Amino acid sequence: MTVSVFVGTSVDGFIARPNGDLDFLPAGGGEPHGYNEFMASVDALVIGRKTFETVLSFAAWPYGNKRVVVLSSGPVDLSAVRGGVVEQMAGTPAEIVSKLAASGAHHLYVDGGITIQGFLRAGLVQRLIITRVPVLIGDGIPLFGTLPRDLRLNHVATQHYPSGLVKSEYRIAA
């Protein structure tokens, strides 16, 4: 099982404003920077409840027919999803990976601050793709949180785009 993160951040490391707003990100994701190709390689997305609620506010469901797993130990209303394949799971990151692997998934896309941080702490993420948006927002929801130990990264590639986006890919070192 490969677990990947593909996320946009402000240059100062925030994935959203304190209230969860994403208004600093380029409209529609900005210019093509590999997201569609990445999504084509993914079997399932794993997101937290807050990320799910944010995505529900979008004009259209952004994940098409890709399998989406919402992590929450409490009830989640999935009825608002139109045209998506969404289910709820609860458990530790290791339990979630095990359940999804048993169902035939091979490549997971983990998104949302708390979810990303939990999978990193559990040592389950192998690949980080971080696109920095050329803006400082000063405060917000950080991409990274506390870790039980250092996570060494191997740089794979960095690309820059005319709009100022800078995408870097890393592999978590063994």
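From a predicted model like this one, the values you see are computed outputs, not experimental measurements.

Engineer: Kindly report on the overall build of the protein, identifying the contributing residues and their values.
Structural biologist: When helices and strands are tallied, the protein shows four helices and 10 strands. From first element to last, N terminus to C terminus, the protein shows the α and β order β-β-α-β-α-β-β-α-β-α-β-β-β-β. The C-alpha atoms of the protein give 16 Å as radius of gyration, which agrees with the globular expectation for 174 residues (16 Å, within 12%). When its C-alpha atoms are laid out on the principal axes, the protein stretches across 40 × 40 × 30 Å. Expressed as a percentage of its 174 residues, the buried residues of the protein come to 39%. Expressed as a percentage of contacts within the protein between residues at least 6 apart in sequence, the contacts between residues at least 24 apart total 65%. Across the protein, the mean location of the 14 positive side-chain charges is 5 Å away from that of the 14 negative side-chain charges.

Engineer: Explain helix α4 (residues 113-121) to me, using residue names and the numbers behind them.
Structural biologist: Extensive coverage of α4 is indicated by the burial of seven of its nine residues. Taken together, the buried positions of α4 are occupied by Gly-113, Thr-115, Ile-116, Gln-117, Gly-118, Phe-119 and Leu-120. Phi for Gly-123, located one or two positions after α4, is positive at around 75°.

Engineer: Could you give me a rundown of the side chain of Ser-4, with the residues and numbers involved?
Structural biologist: By the element assignment, Ser-4 lies in strand β1 (residues 2-10). In terms of polar contacts, Ser-4 uses its side chain to reach the side chain of His-107, at 2.7 Å. Those residues in contact with Ser-4 that sit more than four places away from it in its chain are Phe-38, His-107, Leu-108, Tyr-109, Val-110 and Arg-127.

Engineer: Give a detailed account of the environment of Ala-44, specifying residues and quantitative values.
Structural biologist: Among the structural elements, Ala-44 can be located in strand β3 (residues 44-48). In the structure, Ala-44 is positioned 24 residues away from Val-68 in sequence and 5.7 Å away in space, judged by C-alpha atoms. Non-local contacts of Ala-44, meaning those with residues more than four positions away in its chain, are made with Arg-67, His-107, Leu-108 and Tyr-109.

Engineer: Could you give an account of the sheet that holds strand β5 (residues 85-89), naming the residues involved and the relevant values?
Structural biologist: If you trace the eight strands from one edge of the open sheet to the other, you get β5-β4-β3-β6-β1-β7-β10-β9, paired in mixed fashion. Lying at the two open borders of the sheet, with one neighbouring strand each, are β5 and β9 (153-160). Mean inter-strand twist for the sheet, computed between neighbouring axes without regard to direction, equals 20°. Where β9 and strand β10 (residues 166-172) come together, seven bridges link them in antiparallel fashion. Looking at the pairing, Thr-158 lines up with Ser-168 of β10. Across the face of the sheet, helix α2 (residues 49-56) comes into contact with β3, β4 (67-71), β5 and β6 (107-111) while running at roughly 105° to β3.

The rules behind these values
- Residues numbered from 1 in each chain as written.
- Predicted model: local features only at pLDDT ≥ 70, side-chain atom pairs only at ≥ 80, totals over all residues.
- Heavy atoms only, no water.
- Helix = DSSP H or I, 4+ residues; strand = E, 2+ residues; numbered from the N terminus.
- Rg over C-alpha atoms; globule rule 2.2 N^0.38 Å.
- Buried < 20%, exposed > 50% of the residue type's maximum accessible area, 1.4 Å probe, protein only.
- Contact = heavy atoms within 4.5 Å.
- Lys, Arg positive; Asp, Glu negative; His and termini not counted.
- Charge placed at Lys NZ, Arg CZ, Asp CG, Glu CD.
- Polar contact = N/O pair within 3.5 Å; in protein donor to acceptor, adjacent residues only side chain to side chain.
- Pairing = 2+ DSSP bridges.
- Axes fitted to C-alpha atoms, helices over the stretch in contact; angles between N-to-C directions.

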